[in-house]
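# Analysis of the macromolecular model
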Amino acid sequence: MSASIPDSDTLSKVSDLEVYDATGRKIRFGSFFATQRVIAVFIRHFFCGLYVSQLTSEYAKLSKAFEEAHIDVIVIGCGDWQPIENYSDITGFPSRKIFADPSLSVFHGLGMTSQTLARTPTGEKKASYITKGIIEGSLWSIWKALKNPLLIGKQGNIAQLGGEFILGPGNQCIFAHRMRHTEDHAEVLDLLDRAGFRSSSINNE
């Protein structure tokens, strides 16, 4: 199920798995939410910054509130760690909060096993981050990424789907969303609402 909450046993297992930071250093996944709440965004690959660009814009409005509430936001991709700095440049999201899971161990451990290139089904409303202006920006982002040929092949499987989870403190999860197709990230404002930041307060900033 796309919204099923992982139980404590599942979270205990994935907590011991490791991801890579922008320098190639291994970090225990559970360390992100051992003592605080964290919004974990799992992206499809490091050559598309649509969703994270929108996330960056909204997060910037609330960065102080996040610090005061001891809530963090991290982004995890399925590629290698080498594209992280470039992805940060593309999206504006801090590279120190971006990580790589090339083995897909955390992805799969949290139930994100689907791979597809399908887009929004006919008759279903597209997510807000899928707009003409943002798509044009995405094409620019992809072109910018491809300017560095050494990153080609390190971006991750473009068919791998991601999702969003609100985890912690400790092995608990209060929100889970797994993508069903390539344009199915959770709405950013809805995600922030679930974390305790109301859309009205965001829009009034």
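Provided above is the structure to which this section pertains.
None of these values were measured; they are calculated from a predicted model.

Definitions and limits used
- Residues numbered from 1 in each chain as written.
- Predicted model: local features only at pLDDT ≥ 70, side-chain atom pairs only at ≥ 80, totals over all residues.
- Heavy atoms only, no water.
- Phe/Tyr/Trp six-rings, centres within 6.5 Å; stacked < 30°, edge-to-face > 60°.
- Buried < 20%, exposed > 50% of the residue type's maximum accessible area, 1.4 Å probe, protein only.
- Helix = DSSP H or I, 4+ residues; strand = E, 2+ residues; numbered from the N terminus.
- Contact = heavy atoms within 4.5 Å.
- Polar contact = N/O pair within 3.5 Å; in protein donor to acceptor, adjacent residues only side chain to side chain.
- Pairing = 2+ DSSP bridges.

### Focus: the packing of aromatic side chains
- A complete count under the given rule lists 11 aromatic pairs for this structure.
- Each ring, one from Phe 29 and one from Phe 32, has its centre 6.1 Å from the other, and the planes form 75°; the classification is edge-to-face.
- By relative accessible area, which is 0% here, Phe 29 ends up buried.
- Looking at Phe 32, the relative accessible area reads 11%, which means it is buried.
- Here the aromatic rings of Phe 32 and Phe 99 are separated by 4.6 Å at their centres, their planes lie at 50°, and the arrangement is tilted. You can see Phe 32 sitting in the loop between β2 (26-28) and β3 (37-42) and its partner Phe 99 sitting in strand β5 (residues 98-100), a full 67 residues away along the chain.

### Some details on the environment of Glu 183
- With respect to the helices, strands and loops of the structure, Glu 183 is situated in the loop between β7 (173-178) and α7 (188-194).
- What Glu 183 contacts, discounting residues up to four positions off in sequence, is Arg 119, Thr 120, Lys 126, Ala 127, Tyr 129 and Ile 130.
- For Glu 183, the side chain forms a polar contact with the side chain of Arg 119, separated by 2.9 Å.
- At a separation of 2.5 Å, a polar atom in the side chain of Glu 183 contacts the side chain of Thr 120.

### Let's talk about the environment of Asp 101
- Tracing the sequence through the fold places Asp 101 in the loop between β5 and α5 (105-109).
- Asp 101 gets classed as buried once you look at its relative accessible area, which sits at 0%.
- Placed 22 residues apart in sequence, Asp 101 and Gly 79 show a C-alpha to C-alpha distance of 6.4 Å.
- Leave out the neighbours within four places in its chain, and Asp 101 touches Glu 18, Val 19, Ile 76, Gly 77, Cys 78, Gly 79, Val 106 and Phe 107.
- A polar atom in the side chain of Asp 101 sits 3.3 Å from the backbone nitrogen of Ser 105.

### Looking at helix α4 (residues 84-91)
- Counting buried positions along α4 gives 6 out of 8 residues, so the element sits mostly inside the fold.
- Looking at α4, one finds that the buried residues are Ile 84, Asn 86, Tyr 87, Ser 88, Ile 90 and Thr 91.
- After α4 finishes, the residue Gly 92 shows a positive phi value of roughly 85°.

### A few points about the pairing of strand β6 (residues 163-167)
- Burial within β6 is extensive, with 5 of its 5 residues counted as buried.
- Relative to β6, β3 runs antiparallel, the two sharing 5 bridges. Each residue of the ladder has a partner; that of Phe 42, found in β6, is Gly 163.
- Summarising the sheet, β6 and β7 pair through 5 bridges and their orientation is antiparallel. Looking at the pairing, Leu 167 lines up with Cys 173 of β7.

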